[in-house]
Structures are given as C-alpha cells and as structure tokens.
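Chain residues, written in single-letter form:
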Amino acid sequence: AAAAPAEEEPEEPKMSEEERNAVIEAAVASARPFGTADAMVTTATKAEFGDYQVNAAMGLAKSVGMAPRECAARIVEGLRPLLGDAMEEPEIAGPGFINLKFKESYLARAARRMTEDAGGRLAVPVTGNKKKVVIDFSSPNIAKEMHVGHLRSTIIGDTLSSVLEFAGHDVVRLNHVGDWGTQFGMLVEHLRDEFPQALSRDTSRDVDLGDLVELYKAAKKRFDADDEFKTRAREGVVKLQAGDAESLAAWESLCDASRGEYQKIYDTLGIEGLEERGESFYNPYLSGVIESLEEKGLAVESEGATAVFLDGYTNRDGTPLPMLVRKSDGGFNYATTDLAAIRHRTELPDGESADRVLYVTDAGQSQHFEMVFAAARLAGFVPDDTSLEHVPFGLVQGEDGKKFATRSGDTVRLRDLLDEAVRIAGEDVRSRSENPDAELTDAEKRTAEVVGVGAVKYADLSMNRESNYRFSYERMLSLNGNTAPYMLYAYARLCGIVRKATEAEGGDEMKWPEPADVLITHDSEMQLIRALVKLPDVLGEVEKDLYPNRLCDYLFETSQKFNQFYENCSVKNAE
C-alpha cells in the first residue's frame, strides 16, 4: 500500500519584538535577588570537612551557565579576600561543595577573647536589631492544679525569654492566667456557703481556703447535682461581672490562694520576672473588639451568637467554621480575649507596642491561634511589621506512650512530679555517700534538688518541642547521654580542675584563672575550641527558630568534647 503523505510540521508562530521584551520584563520582575538563605552556609556535616560548608554552587551553577565546580571556584575567588586570617584556604570537594576551616591561630585568639569578656557574654555580640518581644507562657487556671502541660509551657517559655534577652532584646514575660469565666460564679457561691468570711475584703485575705483542687471538686459536684445551686452559680457570674463587692472579694481570695500555690512551683523551677496578666485584665477591651469587628464587616450573627468566618477554615462536613467572639447570652469567648490581648500588646498606646509576640502553648491550639492571628490582621489590630507566632509543643506521655497519668488515671500534679524527681536524685546521692543510712546533709539536699529539677527541665528542653515525649525518671536522671546529670557532671569536673589549679578548698568560692594565651597542643583541645566558638551561631538559630533543643544538642556535644579533652590533656601539669 502507498505510504500516507507525511504531515508538515506546523510553523511555530514568531514572537514580535514587543512580545519578546514583555516576556523578558516579566521574568526580570519576578526574579528574586540572591539572598542570605541562598548562600546555603551550614555547619560542616563531619569534623574532617572543616567547620562550615557552602552548598550554593550546585543550585546556582545552572542559573549562571557554569559547571558546579567552576561555579564553586568563582565563589572561592570572591570569598578569599573576605576570610582574612580566620580561615584556611577554602577547599572544593565532590561536585562543588566548599569546605571552610578555622585557622589554629584564629581559634586560639577567639578562645582568649571569650575569657577576656568581663561582661560574662563569652564575646557573643548583642543584636544590632533590638526588638520588643512579648512572650506569653505558663498560663495556669485559678483554683486548679498546675499539670505537665503547664510544665512544658513554663520551661520552654522561660528558656526562650532568657535566650532572647541575652541576645539584647527587650523581653516582657506575660502569664495569661485563666482568672475569669463562668466557673467563678460556681466557686464564689460555694465560698458564700462554706467560707462566708471570704466575701468581705476586710477578712478575705485571712481565709485559709485549704486545698483549692478539693474546693473546686466540691463546688463542681454541687453544681452538677443541685439545680438551685446551679441557678445561683449562673446568677453569681452576672453579679461578679457587674462588679458586686462581695463577689469580687471572694474572687480575689481565690486568686490570691492560687497565686501562692503557683509561686511555689515557679520558685522550684527558678522562674523569675513573669508578670501576671490574666484574662480579667482584658475585660474593658472586649466590647471594643466586637465593635471594630462589626464595623469592618468581619463579625456577623450566627445562630444567635456573633462569629467571624475566615476563608479556608471549614468543619469536617465542609460548612464554614465559625470563630465565636460573643455567645448568644452576651458573654465573650477565648478568641475575643486573645484578640483584645493582641491589640493591647501591639497597637494600643497603653500596651507594650511589641514587635514580636510569642504564644507558647500546646499544639492542640494551633488552629485557634491561626484563626485569631488571621482575624487580628484583617481587623487591623496589629501593625504589618509586627510578628505574631504560635510556639507549639507536643504532649507529655507515660513510658508506655499513653497519656501521662497516675495509676488511678488522674492528671499528674506538677508539684508531685517535681518532688518525685528530687526524691530519686536524693536516693542516688545517698547511695554514693560514705554513710548511705545517714540523713542527707543540707548540701546534699541542695544537690538532689538541683539534679532532680534540672533533669526534668532539661529532658523537656532537649526534645524537639513539637514532638510528644515519654516521661521517664530513669532516663532523665541517667549520667549517660544527653541529660542534665551528664552536663552537671562535666561542669563539676571542670570546677575540680580549677580548684586544684588554684589550690582552693572544696567549700571555697570558685576563683577562675586570669585570661592567658591559649597554646593548642592536642587535637582534643582543638576540637573543644572549634565547638566553643560556634556558640553565637547556635544562639542565633534559637533566637530565630525558637527550638531550645538545638542549644541542648550543642551543650551535649561541647560537654562530650570537654570530657575528651579532660582525658587527654592535663591542665595543672601542662608546660
């Protein structure tokens, strides 16, 4: 059969000069300048590669029409004049990685500079971009026990506050206490019957309310079983919100008693500078929030309540998900209080005028904060250049991976958890003493407290905060691995060297030697200094990304290098 005639290729339409220029202009307009992130400078993956790696050449090579190694060579040409006497000659490895290694002379000088810093900053520079940062953390509820969820928020929030403060920022630590809501009508009416003296300002300060958790349980039991009491409790909420003197006196006595219990926990954990700013503080601002939302058309009526509907948020059935800001009975919701708090912290003249606001709460509240932040932006409650950030954390689980609870299934009280850690640490101290059957001395009790509480705090911080973690006294109190006792042991060893070198007695105050030139004579010494000089990098990462475990990893690695140094190098007997 005769072959079918071949179809002619259609001629590609020619682009006019005008169209061509338009394409080029569009490409130029959408092009992004090569920035710091594109430089891809990272810590070296292995010590033999040096201290840092530049990984930009592979990605950049195609854009500039070069082979990756040729591109790397051009980068090295540009780097050479900038490295000064800090780095060895850059080395190009593999397909185009650039390895950078500190010079020994630079490391020796850097170590000396760290010791000479009289301000105790180890030569870490203060930020050149100082910001006002509000950190909202801990947030226990009045008349309820602090539990492990509060532990994570408190420890992570306090650590991030310290890191940002050390960086040079103006940090405000805020405790958004749950001190307002419908439950207080129930509690006040229970006090009216059981502790009538709590209803007078003259006598309320002297009332011992006993175990607040038991008091709450008793009030809740009456509320569930007694309809008359339930009616009184609901009326009590209205009276409290209207400013009734007796109700306010009872409420204040509850707040005072709770504060006393929380403070014991904060003292044990070493938490300082945490300013209480409870939900009740924002009451005067709530109506203004609703008015502003309604004026902007964001708040609408929904089944008798007032709600904000945001694009992209739906229920499981696909219907729009409301963010309630006012209940059908006129009461306000958590979202309303959080919007008022954002406004006060960032926009209002009597607030903090914060540049950055961090909320350290459990990951279960992620969607709530996403919606609140989005609504605050749409309503104009927050300046464009102010950052609102949720800092989520995972659950604390038992060793079996299930909910961390007592044998009876109750939530573990934070006080009991810390006491148990100190008890176990005390038993360990006792087992190492010359007379294991004797009572612990005051110094030994103090050691047990430092080790026990430190172990709980460090175990939390050393985990990626977004992960759930399994609570294990045995693991966190171990002398092996990335634990507080390992770190404390390394520090005690270090103090022992200094005491021997200065011929100080065990109880004497530590006197650190004067700064001196550092002569690097062993590889373990070199590796230790290489770790020490990276402290500013690590602190900068934590300041930006808010993951304390990176600082813990750095401390563990540095402690390991110190222990290797300890095994290989004598300090007192060195030339």
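Residues numbered from 1 in each chain as written. Predicted model: local features only at pLDDT ≥ 70, side-chain atom pairs only at ≥ 80, totals over all residues. Heavy atoms only, no water.

- As annotated in an unreviewed UniProt entry, the protein chain carries the name arginine--tRNA ligase and comes from Trieres chinensis.
- UniProt lists a comment for the protein chain under the heading Catalytic activity (unreviewed entry), and it reads "tRNA(Arg) + L-arginine + ATP = L-arginyl-tRNA(Arg) + AMP + diphosphate".
- Per UniProt, the protein chain carries the Subunit (unreviewed entry) text "Monomer." (UniProt positions renumbered as here; feature names shortened; annotations may be inferred.)

Some words on the overall build of the protein chain
Here comes step 1: Scanning the protein chain from N- to C-terminus turns up 20 helices and 14 strands.
Here comes step 2: Its C-alpha atoms give the protein chain principal-axis dimensions of roughly 95 × 90 × 60 Å.
Here comes step 3: Per-residue burial for the protein chain yields a buried fraction of 43% across its 575 residues.
Here comes step 4: Split by element, the accessible area of the protein chain, about 32,100 Å² in all, is 50% carbon and sulfur. (Helix = DSSP H or I, 4+ residues; strand = E, 2+ residues; numbered from the N terminus. Buried < 20%, exposed > 50% of the residue type's maximum accessible area, 1.4 Å probe, protein only. Areas by Shrake-Rupley, 256 points an atom, 1.4 Å probe, with all protein chains shown as cover.)

Some thoughts on helix 11 (residues 286-295)
Here comes step 1: For helix 11, the set of buried residues is Leu286, Val289, Ile290, Ser292 and Leu293. For helix 11, the angular spread of the buried residues around the axis is 165 degrees, confining them to a single face.
Here comes step 2: On its buried face, helix 11 is in contact with strand 8 (299-302), strand 9 (305-314), strand 10 (320-326), helix 12 (334-346) and helix 13 (366-379).
Here comes step 3: Directly beyond the C-terminal end of helix 11, a positive phi value near 75 degrees is found at Gly297. (Arc of directions from axis to C-beta. Contact = heavy atoms within 4.5 Å.)

Description of the pattern of salt bridges
Here comes step 1: Inspection of the entire model under this criterion finds 37 salt bridges.
Here comes step 2: Lys264 is the partner of Glu261 in a salt bridge, and the nearest nitrogen-oxygen pair spans 3.2 Å. Placement of the pair is Glu261 and Lys264 together in helix 10 (residues 245-269), with a separation of three residues, close to one helical turn.
Here comes step 3: Relative accessible area serves as the criterion here: at 42%, Glu261 is assigned to the partly exposed category.
Here comes step 4: Between Glu466 and Arg465 there is a salt bridge; the shortest N-O distance is 3.8 Å.
Here comes step 5: Judged by its relative accessible area of 5%, Arg465 falls in the buried class. (Salt bridge = Lys/Arg side-chain N within 4 Å of Asp/Glu carboxyl O.)

Examining the environment of Glu214
Here comes step 1: Relative to the assigned elements, Glu214 resides in helix 8 (residues 212-225).
Here comes step 2: Measuring from C-alpha to C-alpha, the distance between Glu214 and Glu389 comes to 36 Å, with 175 residues separating the pair along the chain.

Here's the deal with the nonpolar core
Here comes step 1: By size, the foremost hydrophobic cluster in this structure holds 82 residues, and its most contacted members are Leu187, Leu254, Leu417 and Phe471.
Here comes step 2: Among the elements that make up this core, the one with the highest residue count is helix 10 (nine residues).
Here comes step 3: When residues of this core are sorted by domain, at least three fall in each of domain 2 (102-131 + 513-574) and domain 3 (426-477).
Here comes step 4: Residues Leu310, Leu321, Ala340 and Ala354 belong to the second largest nonpolar core, which totals 34 residues. (Core = buried A, V, L, I, M, F, W, Y, C linked by side-chain atoms within 4.5 Å. Domains from an automatic or database assignment.)

As for the domain arrangement of the protein chain
By a widespread convention, an interface's size corresponds to the accessible area lost as its parts come together.
Here comes step 1: Taken domain by domain, the protein chain comprises domain 1 (17-101), domain 2 (102-131 + 513-574) and domain 3 (426-477).
Here comes step 2: Measuring from the centre of the C-alpha atoms in domain 1 to the corresponding centre in domain 3 gives 48 Å.

Quick notes on the sheet that holds strand 7 (residues 274-276)
Here comes step 1: Spatial ordering of the open sheet is given by 7-6-5-11-12, a layout of five strands whose pairing is parallel. The two strands at the open ends of the sheet, each matched to only one other strand, are strand 7 and strand 12 (387-393). Within the sheet, the average angular offset between the axes of one strand and its neighbour, ignoring direction, is 25 degrees.
Here comes step 2: Sheet analysis places strand 11 (residues 356-362) next to strand 12, joined by seven bridges and oriented parallel. Bridging from a neighbouring strand, Val360 pairs with Val391 of strand 12.
Here comes step 3: Sitting on the sheet, helix 13 touches strand 11 and strand 12, and the angle it makes with strand 12 is about 175 degrees. (Pairing = 2+ DSSP bridges. Axes fitted to C-alpha atoms, helices over the stretch in contact; angles between N-to-C directions.)

Examining the packing of aromatic side chains
Here comes step 1: Summed over the entire model, instances satisfying the criterion amount to 13 aromatic pairs.
Here comes step 2: A centroid spacing of 5.3 Å and a plane angle of 90 degrees characterise the contact between Trp180 and Trp251, whose relative ring orientation is edge-to-face. Taken together, the positions of Trp180 in the loop between strand 6 (170-175) and helix 6 (183-194) and Trp251 in helix 10 put the pair 71 residues apart, joining distant regions of the chain.
Here comes step 3: With a relative accessible area of 11%, Trp251 lands in the buried category.
Here comes step 4: Aromatic rings pair up to connect Tyr52, Phe102 and Tyr106 into one cluster.
Here comes step 5: Here Arg121 stacks its cationic end above the ring of Phe166, 4.0 Å away from the centre of that ring.
Here comes step 6: Sitting over the face of the ring of Phe281, Arg277 holds its NZ or CZ atom 4.8 Å from the ring centroid. (Phe/Tyr/Trp six-rings, centres within 6.5 Å; stacked < 30°, edge-to-face > 60°. Lys NZ or Arg CZ within 6 Å of the ring centre and 35° of its normal.)

Focus on the packing of helix 6 against helix 8
Here comes step 1: One can describe the packing of helix 6 onto helix 8 by two numbers: an axis separation of 9 Å at closest approach and a directional angle of 100 degrees. When the axis of helix 6 is compared with that of helix 8, the two are roughly perpendicular. Here Gln183, Met186, Leu187, His190, Leu191, Asp193 and Glu194 of helix 6 lie close against helix 8, whose contacting residues are Leu215, Tyr216, Ala218, Ala219, Lys220, Arg222 and Phe223.
Here comes step 2: Here the contact of helix 6 with helix 8 is built from residues that sort into eight nonpolar, two polar and four charged. (Parallel < 35°, antiparallel > 145°, perpendicular 65-115°, else oblique. Nonpolar A, V, L, I, M, F, W, Y, C, P; charged D, E, K, R; others polar.)

Some words on the sheet that holds strand 2 (residues 52-54)
Here comes step 1: Read from one edge of the open sheet, four strands run 1-2-4-3, paired in antiparallel fashion. If you trace the sheet from one side to the other, it starts and ends with strand 1 (41-43) and strand 3 (91-93), each paired once. Pairwise comparison of adjacent strand axes, ignoring direction, gives a mean angle of 30 degrees for this sheet.
Here comes step 2: Relative to strand 2, strand 1 runs antiparallel, the two being bridged by three bridges. Residue pairing for strand 2: Thr43 is matched across the bridge by Tyr52.

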